[in-house]
Amino acid sequence: MTKYVGAIDQGTTSSRFIVFDRKGQIVSVAQREHEQIYPRPGWVEHNPVEIWLNTRTVIFEALEKKGLSTADLAAVGVTNQRETALLWDRKTGEPLYNAIVWQDTRTDQLVNRYEQDGGQDRLRAKTGLPLATYFSGLKLHWILDNVPGAREKAASGDALFGNIDTWLLWNLTGGPDGGIHITDVTNASRTQLMDLETLEWDADILKLFSIPAACLPRIVSSSERYGTGKGPLEGVTLSGILGDQQAALFGQACLNPGEAKNTYGTGNFMLMNTGEKPFPSTCGLVTTVGYKLGDKKAIYALEGSIAITGALVQWLRDNIGIIKNSADIEPLARTVSDNGDVYFVPAFSGLFAPRWDDSARGVICGLTRYANKGHIARAALEATAYQTREVLEAMVKDSKVEIRELRADGGMVVNELLMQFQADMVNVPVVRPRVIETTALGAAYAAGLAVGYWHSTDDIVQNWGVDRRWHPKMDADKREQLYSRWNKAVTRSLGWGD
Ligand SMILES: Nc1ncnc2c1ncn2[C@@H]1O[C@H](COP(=O)(O)OP(=O)(O)OP(=O)(O)O)[C@@H](O)[C@H]1O
Ligand SMILES: [Mg+2]
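Residues numbered from 1 in each chain as written. Chains lettered and ligands numbered in written order. Predicted model: local features only at pLDDT ≥ 70, side-chain atom pairs only at ≥ 80, totals over all residues. Heavy atoms only, no water.

The protein has the name Glycerol kinase in an unreviewed UniProt entry, where Azorhizobium oxalatiphilum is given as its organism. Its UniProt record gives the protein a comment under Catalytic activity (unreviewed entry), which states: "glycerol + ATP = sn-glycerol 3-phosphate + ADP + H(+)". Quoted verbatim from the Sequence similarities (unreviewed entry) field of UniProt, the annotation for the protein is "Belongs to the FGGY kinase family." (UniProt positions renumbered as here; feature names shortened; annotations may be inferred.)

Structure representation (structure tokens):
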């Protein structure tokens, strides 16, 4: 009897394989980080082959740890860093270029060019997205223009495009030897090439961006039997794909309109379920597909994307060296009683929601001789909370739904100082569920539902439970004073890039 469901969580910093039981509890997990490649300021790349090899390794490791085999898996789902784009050779499986990561800003000139005629929001009605360096369509455009031979190969179907979900699914099902070339609706909605209503590639946008349809994957639902694994998942049914943030929405049981979650990882991503119709934003959020279960109607979401939150903690660790491990940020921040009037705007990839300003760059404001590394650490954590407040306010304004409680998950939510400050800054309680690996869990649910391991989404609701709640304690004057200083700091970050 098969007892478990597996999920591959291929993130920006690492790849995990997690095995879950019927209660949605973690049975086994293995994780590997991969190299972040920064060839120039603003450029961020990953080696797709390294990601594929790490994925294979973590599958083996997680199974081996608990003496499991592929026969113990009823199904496997895939969730991934979204928007990160690559093109590879169909015959050899070799990437034509590194994967261009969602945070990469090299397409800013292309964005400017397309904005000239019709403005930043010219594709919003169809795709739900503003023109920005963030989305994968223009990253593919860049590869086609800059990698010798890429355009010809893509046009003849000899090169295949995908976000990381597509790359992994293709390799997991045989690669050059019959691998399936698909992507799910949630990932497709992040390319800016898909029509949100029809859930198909849009011929006009393909033409506008000079992208040949022959290189694009087939768009499928988030939960259905796609195929059977070869190699590391030999014989296992592959039946779930969700972009990481949509997976977290699903794993957090936000299954009714108005329910929202906020994930604290490399960046922060707040998503609200808005039901069966795309919900346009006028407050700087994006409209995206939340999930689509088999033949059922697609469920849409509003999203507030913040590029840099946990990544700022990593930057302090790796680039500046004031901490050794991410977890050290909390004790360092606790060495001071407040931020000492220091504010850190981490606009390393410009600013995403709700401002969408590609020209912003990171700044630290308010430095005096009084400031020390404790203040910098505190300012870095507070930046996550201020940015989240901006997004939450936009979410409430757009949706007209009051958020009474913020469901949090992701790697940063172990940070208690941050969680308390977050509750203080948004002035609603912040809730941490028992399982914070909601990204992997959501992909496991999508895969398990397709094969009948879970019977309905009621099982997801039943499995969800609270670990801890933080209640706001800060008085209103203090809260507003801090927030207005933050906003002043943000104005200092704008327009730095050309
Ligand atoms: N104790 C902590 N305090 C603050 N930040 C932390 C702490 N522990 C981890 N982090 C941050 O959390 C992030 C990792 O979280 P998580 O694993 O959810 O990220 P992620 O976005 O899912 O990664 P990926 O992009 O690889 O999926 C890192 O950026 C790390 O710096
Ligand atoms: Mg993640």
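Caption draft 1: Region of the structure containing the pairing of strand E16 (residues 268–275). Across the eight residues that make up E16, a large majority, eight, are buried. Of the two faces of E16, the one holding Asn-268, Met-270, Met-272 and Thr-274 and the one holding Phe-269, Leu-271, Asn-273 and Gly-275 are both buried throughout. In this antiparallel pair of consecutive strands, strand E15 (residues 260–264) and E16, the connection spans three residues. (Buried < 20%, exposed > 50% of the residue type's maximum accessible area, 1.4 Å probe, protein only. Helix = DSSP H or I, 4+ residues; strand = E, 2+ residues; numbered from the N terminus. Pairing = 2+ DSSP bridges.)

Caption draft 2: Focus on the pattern of salt bridges. Taken as a whole, this structure holds 30 salt bridges when the rule is applied. The salt bridge involving Asp-121 is made with Arg-124; its shortest N-O contact spans 2.9 Å. (Salt bridge = Lys/Arg side-chain N within 4 Å of Asp/Glu carboxyl O.)

Caption draft 3: Representation of the UniProt feature "binding site: glycerol" (unreviewed entry) in the protein. UniProt marks Arg-82, Glu-83, Tyr-134, Asp-244 and Gln-245 with the feature "binding site: glycerol" (unreviewed entry), using the numbering shown here. Among the secondary structure elements, Glu-83 is positioned in the loop between strand E5 (73–80) and strand E6 (85–89). Glu-83 sits in the buried class, given a relative accessible area of 1%. If sequence neighbours within four positions are ignored, Glu-83 has contacts with Ile-100, Trp-102, Tyr-134, Phe-135, Ser-136, Lys-139, Asn-163 and Arg-190. Position of Gln-245 among the secondary structure elements: in helix H9 (residues 244–251). Beyond its immediate stretch of four places on either side in the chain, Gln-245 contacts Arg-82, Lys-261, Thr-263, Phe-269 and Leu-271. Polar side-chain contacts of Gln-245 include one of 2.8 Å to the side chain of Lys-261. (Contact = heavy atoms within 4.5 Å. Polar contact = N/O pair within 3.5 Å; in protein donor to acceptor, adjacent residues only side chain to side chain.)

Caption draft 4: How the structure looks around the UniProt feature "domain: Carbohydrate kinase FGGY C-terminal" (unreviewed entry) in the protein. What UniProt calls "domain: Carbohydrate kinase FGGY C-terminal" (unreviewed entry) maps, in this numbering, to residues 261–450. For the annotated span residues 261–450, helix accounts for 35% and strand for 21% of the residues, and the straight-line distance between the end C-alpha atoms is 24 Å.

Caption draft 5: Structural view of the environment of Tyr-114. Tracing the backbone shows Tyr-114 in helix H2 (residues 108–116). Looking at Tyr-114, the relative accessible area reads 6%, which means it is buried. Along the sequence, Tyr-114 and Gly-350 sit 236 residues apart, while their C-alpha atoms lie 18 Å from each other. Tyr-114 has contacts with Arg-122, Leu-131, Leu-138, His-141, Leu-208 and Phe-209, leaving out every residue within four places of it along the chain.

Caption draft 6: Fine view of the sheet that holds strand E1 (residues 4–10). Spatially, six strands are ordered E3-E2-E1-E5-E14-E13 in an open sheet, and the strand pairing comes out mixed. Both outer strands of the open sheet, strand E3 (26–33) and strand E13 (223–228), are each paired with one neighbouring strand and no more. Between one strand axis and the next, the sheet turns through 25 degrees on average, direction left out of account. Running over the sheet, helix H14 (residues 438–450) touches E1, strand E2 (14–20), E5, E13 and strand E14 (237–243) and is turned about 135 degrees from E1. (Axes fitted to C-alpha atoms, helices over the stretch in contact; angles between N-to-C directions.)

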